[in-house]
Structures are given as C-alpha cells and as structure tokens.
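Notes for the structure review
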Amino acid sequence: MYRRILVPLEHSSYDHVIIEHVRQLATMCQSSIVLIHVADGWAARHQLSLKLRESEEMRVDRDYIEGLCAQLRADGFETESILAGGDPAAEIASAADREGCDLIAMATHGHKGIQDLLYGTTANGVRHRTMVPVLMVRGPVGGRPR
C-alpha cells in the first residue's frame, strides 16, 4: 500500500515509538523509508541565506539521523536520511513531495488544551500543508522532548 514512507524525527525519546511502528509497516508493505530531521535553531534556519557553516547542533543531528539510517539498513530496510533546516512543518511537507513519499509517519506528544497550541504546531502544520496521508502515533506520556 505504501511504497515510500517519510519519517520526521525530532532527536528525542519520541523517535523510538515511530521508528518501531514504521519498521512493522515497512515490512508489511515492503516500503522504503526516508528519515528527516529539521534542525530549527537560528543557524539552521539561516545557514543557506547567510552562507553559514554547519553548526554543532546540526553536526550532532546529522550524526544522529545517519546512525539511525545505518541501523535500519543493517536490518534490511531501504533507507535514506535528510537533514533540513528551517520551519519543520514546511520542510517536512516539501520533502514528502520532493522525495515522492506516499505516507508521512510521525510521533506526536499528545498535548491537550493550551499546550497543544504552544507545542503541537509541527504535526498540525504538516497535516495542513500536504495532501500526502499523515499517520500520527502518540508517544509515551511523560516522554522527553528535546
């Protein structure tokens, strides 16, 4: 059903939840997996326009996502990784189109009320910016966002 799954990661304890879910889905559907992390610090948001060098935060993020990609490959999955910079929701939606993904699978924090308004912007923004189906899997209560 799904041939190419985009998996946004935030470099937090929530990533394990979505990766385990996608492992099962990709096995069942024989899908390839595209991991993406959007660095959203000041340097990451302005790296291209100001011709900045990669920040330490971005180097750590790159090592993290490439390590996860290597683990999935070692387990037999066809996997790629992308490190982007900027607005997470916009970058995720754009990558889904650019990479030809037919599903975006992401973990959510499960915020409620005012916390959802303050912290739930990425998942909400993605689902409003794309026509690609979005699968949201709730992370553990009390998980540690980055």
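Check the entry above for the structure.
This write-up is about the structure you can find in this document. Note that the coordinates shown come from a computational prediction; the quantities given were computed from them, not determined experimentally. (Residues numbered from 1 in each chain as written. Predicted model: local features only at pLDDT ≥ 70, side-chain atom pairs only at ≥ 80, totals over all residues. Heavy atoms only, no water.)

Things to note about the environment of V17
Position of V17 among the secondary structure elements: in helix α1 (residues 15-29). Judged by its relative accessible area of 22%, V17 is partly exposed. Linking V17 and V137, residues 120 residues apart in sequence, is a C-alpha distance of 7.6 Å. With near-sequence residues (within four places) excluded, V17 lies in contact with V137, R138, G139 and P140. (Helix = DSSP H or I, 4+ residues; strand = E, 2+ residues; numbered from the N terminus. Buried < 20%, exposed > 50% of the residue type's maximum accessible area, 1.4 Å probe, protein only. Contact = heavy atoms within 4.5 Å.)

Brief notes about the side chain of H37
Here H37 is to be found in strand β2 (residues 32-39). For H37, a relative accessible area of 5% translates into the label buried.

Observations regarding the sheet that holds strand β4 (residues 103-108)
Reading across the sheet, the 5 strands line up as β3-β2-β1-β4-β5 and stay open at both edges, with parallel pairing between neighbours. At either margin of the open sheet sits one strand with a lone partner, and together these are β3 (79-85) and β5 (134-138). In this sheet, adjacent strand axes meet at a mean angle of 25 degrees when their direction is disregarded. Pairing between strand β1 (residues 4-9) and β2: 6 bridges, direction parallel. Within β2, the residue paired with I5 across the bridge is I33. (Pairing = 2+ DSSP bridges. Axes fitted to C-alpha atoms, helices over the stretch in contact; angles between N-to-C directions.)

Side note on the nonpolar core
I5, V7, L9, I18, V22, I33 and L35 are the most contacted members of the largest nonpolar core, which has 22 residues in total. Elements with a minimum of two residues in this core: β1, α1, β2, α3 (56-74) and β4. Ranked by the residues each element gives to this core, the list is headed by α1, at 6 residues. Beyond its immediate chain neighbours, meaning those up to four positions away, I18 contacts V7, L9, A105, M106, A107 and V137. With 16 residues, the next largest nonpolar core counts V34, A95, V126 and V132 among its residues. (Core = buried A, V, L, I, M, F, W, Y, C linked by side-chain atoms within 4.5 Å.)

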